Amino acid sequence: MKFVIILACLAAVAFAAPVDEVQILRLDSEVLPESFSYALETSDGNKQEAQGHLENVGTEEEAISVRGSFSFVADDGQTYTINYIADKNGYQPQGAHLPVAPEA
């Protein structure tokens, strides 16, 4: 059920843009009982993809683990890409333009 909710939210965000301005060039998705994947590409240069699966199925520690990326063309004309992991350790984004915390 968690996968359906997540996929529905992502689809709502993707389809929120006016259809006459931005067009969907690619939309692939697969939702299974314990995993999901999707890929989306729009005519304005935005791209997203993610794969997720349940870990520790049937236990008290059951959690979803997602690995994905998204990119977008900013107002400055550059394309920015974020690769991320979202799991029991939280959301962990990485991107060349993101600041990095100093070593402890």
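Here the structure is a predicted model, which means the values were calculated and not measured.

Engineer: Any chance you could break down the overall build of the protein for me, citing the residues and the numbers?
Structural biologist: Scanning the protein from N- to C-terminus turns up 1 helix and 6 strands. Counted from the first residue to the last, the protein has its helices and strands arranged as α-β-β-β-β-β-β. Here the protein holds 104 residues, and 18% of them are scored as buried. A separation threshold of at least 6 residues defines the contact pool for the protein, and within that pool the share at least 24 residues apart is 21%.

Engineer: I'd like a rundown of the pairing of strand β4 (residues 63–73), residues and numbers included.
Structural biologist: In terms of strand pairing, strand β3 (residues 47–55) meets β4 through 9 bridges, oriented antiparallel. Bridge pairing in β4 places Gln51 opposite Arg67. As paired strands, β4 and strand β5 (residues 79–87) are joined by 8 bridges and run antiparallel to one another. Bridge pairing in β5 places Gly68 opposite Tyr84. Hairpin geometry of β4 and β5 is characterised by an intervening segment of 5 residues between the two adjacent antiparallel strands and by a positive phi of about 90° at Gly77.

Engineer: Quick one: what's the story with the sheet that holds β3, residue by residue and with numbers?
Structural biologist: Read from one edge to the other, the open sheet built from 6 strands follows the order β1-β2-β3-β4-β5-β6, with strand pairing classed as antiparallel. Where the open sheet ends on each side, the last strands, each with one partner, are β1 (24–32) and β6 (90–94). Adjacent strand axes in the sheet meet at a mean angle of 10° when their direction is disregarded. Here β1 runs beside strand β2 (residues 35–42); their pairing, made up of 8 bridges, is antiparallel. Its bridge partner lying in β2, Leu32 is registered against Ser35.

Calculation criteria
Residues numbered from 1 in each chain as written. Predicted model: local features only at pLDDT ≥ 70, side-chain atom pairs only at ≥ 80, totals over all residues. Heavy atoms only, no water. Helix = DSSP H or I, 4+ residues; strand = E, 2+ residues; numbered from the N terminus. Buried < 20%, exposed > 50% of the residue type's maximum accessible area, 1.4 Å probe, protein only. Contact = heavy atoms within 4.5 Å. Pairing = 2+ DSSP bridges. Axes fitted to C-alpha atoms, helices over the stretch in contact; angles between N-to-C directions.

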